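# Topology and contacts: notes
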Amino acid sequence: TGPQRAPVPFLARRYQRHADRPPNVLRCTVIRARGLQVMDKGIFKKGGSSDPFPTVSVEGAKAKGAVKKATLEPVWLDRFELPAEDPDSTATVQLDDHDLVGASDFMGPTP
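In what follows, the accompanying structure is described.

### Some thoughts on the pattern of salt bridges
Enumeration over the complete set of coordinates arrives at one salt bridge. Among the ionic pairs, Arg 27 bridges to Glu 81, the shortest N-O distance being 3.0 Å. Here Glu 81 lies in strand S4 (residues 75-83) and Arg 27 lies in strand S1 (residues 25-32), a separation of 54 residues in the sequence.

### Observations regarding the sheet that holds strand S5 (residues 92-97)
The sheet built from four strands is open, its strands ordered S3-S2-S5-S6 with antiparallel pairing. At either end of the open sheet lies a strand with only one pairing partner, and these are strand S3 (61-64) and strand S6 (105-109). On average, each strand axis in the sheet is tilted by 25° relative to the strand beside it, whichever way the strands run. Relative to S5, strand S2 (residues 52-58) is paired through six bridges, and the arrangement is antiparallel. Its bridge partner being in S5, Val 56 is matched across the sheet by Val 93.

Cut-offs applied
Residues numbered from 1 in each chain as written. Predicted model: local features only at pLDDT ≥ 70, side-chain atom pairs only at ≥ 80, totals over all residues. Heavy atoms only, no water. Salt bridge = Lys/Arg side-chain N within 4 Å of Asp/Glu carboxyl O. Helix = DSSP H or I, 4+ residues; strand = E, 2+ residues; numbered from the N terminus. Pairing = 2+ DSSP bridges. Axes fitted to C-alpha atoms, helices over the stretch in contact; angles between N-to-C directions.

Structure below.
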């Protein structure tokens, strides 16, 4: 069995490096989004939808969540663990619309 990791509050301590301790980790869960904008307008469908997915980033590390097809009210419950050495780091969550052809469309950062 590997080394035991004790829970470390993300912002509770001043930044310190300890070679004998595991690095700090940001653990977060993206739960849902509401009232997203229509990014995909269908020719045969009335209205439109989006295929949103979240990207969580902190200190240059990024993790991408699952794509939820054809919804403006997605529920993810995606869990992420990202390294976070600096306790003053800011985490961001960005939403994009997945496209089969070409790059994904930016939907915006979360408030």
